[in-house]
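Spelled out from the first residue to the last, the chains are:
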Amino acid sequence: MESIDLKSWLQHYLKYKDSIEQRIKEIKDIDQGVEVIYDDCSTKFLIVSGLKDENIELLRTHETVCTLNSQSNFDFLIRNWNTLAKLPKLTFIFVNLKLGEKWFLKPHIHNSIADKDGLEQGLRTMFEAANGRIKEVKPAKQKMFEDSEENDDINT
């Protein structure tokens, strides 16, 4: 299986997401990511595989950050949560390239609706799910007809 990098993954994902509306006119490579050109606007996506504390200022100038779903990036998120939650337009896309899984997070919104006591555990659940460590719990299939304890033989 061919390995894919974050930039390629993001470009494929954006094209897939736009396949119905077909609003994207062009996706340009830029210094630290990609810029998506639409008829009426453009959006820049910052691509950073490893988030570091010195990235905070860079994150302030971008709306969407695509990064790896790694333990070190999760630790960065938790460690800098209070700062990140103050950036109303900031969105993260955490990607597991091996599994093709992702999760999205808008810290500002999540911070305003999440239970503060369970915040880290909730984020960890999304992180673990994208790493394939948590399987979706599916309810047991219901039988079309309930089993009866009575004797079904009508000739008795």
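See the structure printed just above.
All of the points below concern the structure found in this document. Computed from a predicted model, the values in this text were never measured in an experiment.

Conventions and cut-offs
Residues numbered from 1 in each chain as written. Predicted model: local features only at pLDDT ≥ 70, side-chain atom pairs only at ≥ 80, totals over all residues. Heavy atoms only, no water. Salt bridge = Lys/Arg side-chain N within 4 Å of Asp/Glu carboxyl O. Helix = DSSP H or I, 4+ residues; strand = E, 2+ residues; numbered from the N terminus. Buried < 20%, exposed > 50% of the residue type's maximum accessible area, 1.4 Å probe, protein only. 1 Å grid on protein atoms, 1.4 Å probe; cavity = no way out; pocket = protein on both sides within 12 Å on 5 of 7 lines; lining within 4 Å. Points joined across faces, edges and corners; volume = space filled by probe spheres on them. Pairing = 2+ DSSP bridges. Axes fitted to C-alpha atoms, helices over the stretch in contact; angles between N-to-C directions. Expected span 1.5 Å × (residues − 1). Arc of directions from axis to C-beta. Contact = heavy atoms within 4.5 Å.

### What about the pattern of salt bridges?
Right, on to step 1. Per the stated rule, a full pass over the model turns up seven salt bridges.
Right, on to step 2. D39 is paired through a salt bridge with K25; the nearest N and O atoms lie 3.7 Å apart. Highlighted residues: D39 in the loop between β2 (33–38) and β3 (42–47) and K25 in strand β1 (residues 24–30), separated in sequence by 14 residues.
Right, on to step 3. D39 sits in the exposed class, given a relative accessible area of 67%.
Right, on to step 4. Using a relative accessible area of 48% as the deciding quantity, one classes K25 as partly exposed.
Right, on to step 5. Among the salt bridges present, the one from E128 reaches R124, with a minimum N-O distance of 3.6 Å. A residue pair is termed a helical-turn pair when its members lie 3 or 4 positions apart in one helix, as E128 and R124 do in helix α6 (residues 119–130) at four residues.
Right, on to step 6. When its relative accessible area of 22% is taken as the criterion, R124 is described as partly exposed.

### With respect to the layout of surface pockets
Right, on to step 1. Each pocket or cavity is described by its volume, and for the largest pocket that value is around 310 Å³.
Right, on to step 2. Every residue lining the largest pocket is counted, 15 residues in all, and those nearest its centre are L14, K17, R23, Y38 and F45.
Right, on to step 3. At the level of secondary structure, the elements contributing two or more residues to the lining of the largest pocket comprise α1 (6–17), β3 and β5 (91–96).
Right, on to step 4. A total of three residues in the lining of the largest pocket trace back to one element, the largest contributor, which is α1.

### Section: the sheet that holds strand β6 (residues 101–105)
Right, on to step 1. With respect to topology, six strands assemble into an open sheet ordered β1-β2-β3-β4-β5-β6, the strand pairing being mixed. At either end of the open sheet lies a strand with only one pairing partner, and these are β1 and β6. Along the sheet, successive strands turn relative to each other by an average axial angle of 20°, direction set aside.
Right, on to step 2. Note that β1 and β2 share six bridges and pair antiparallel. If you follow I27 over to β2, its bridge partner there is V36.

### As for α6
Right, on to step 1. An ideal rise of 1.5 Å per residue puts 16 Å on twelve residues; α6 measures up with 17 Å between its terminal C-alpha atoms.
Right, on to step 2. Looking only at α6, the buried set comprises L119, L123, F127, E128 and A130. The buried residues of α6 occupy one face: seen down the axis, they fall within an arc of 160°.
Right, on to step 3. Summarising the contacts, the buried residues of α6 are in contact with α3 (71–79), α4 (81–84), β5, β6 and α5 (107–113).
Right, on to step 4. Looking one or two places after α6, you find G132, whose phi comes out positive at around 75°.

Function-wise, these values are silent; they only describe arrangement.
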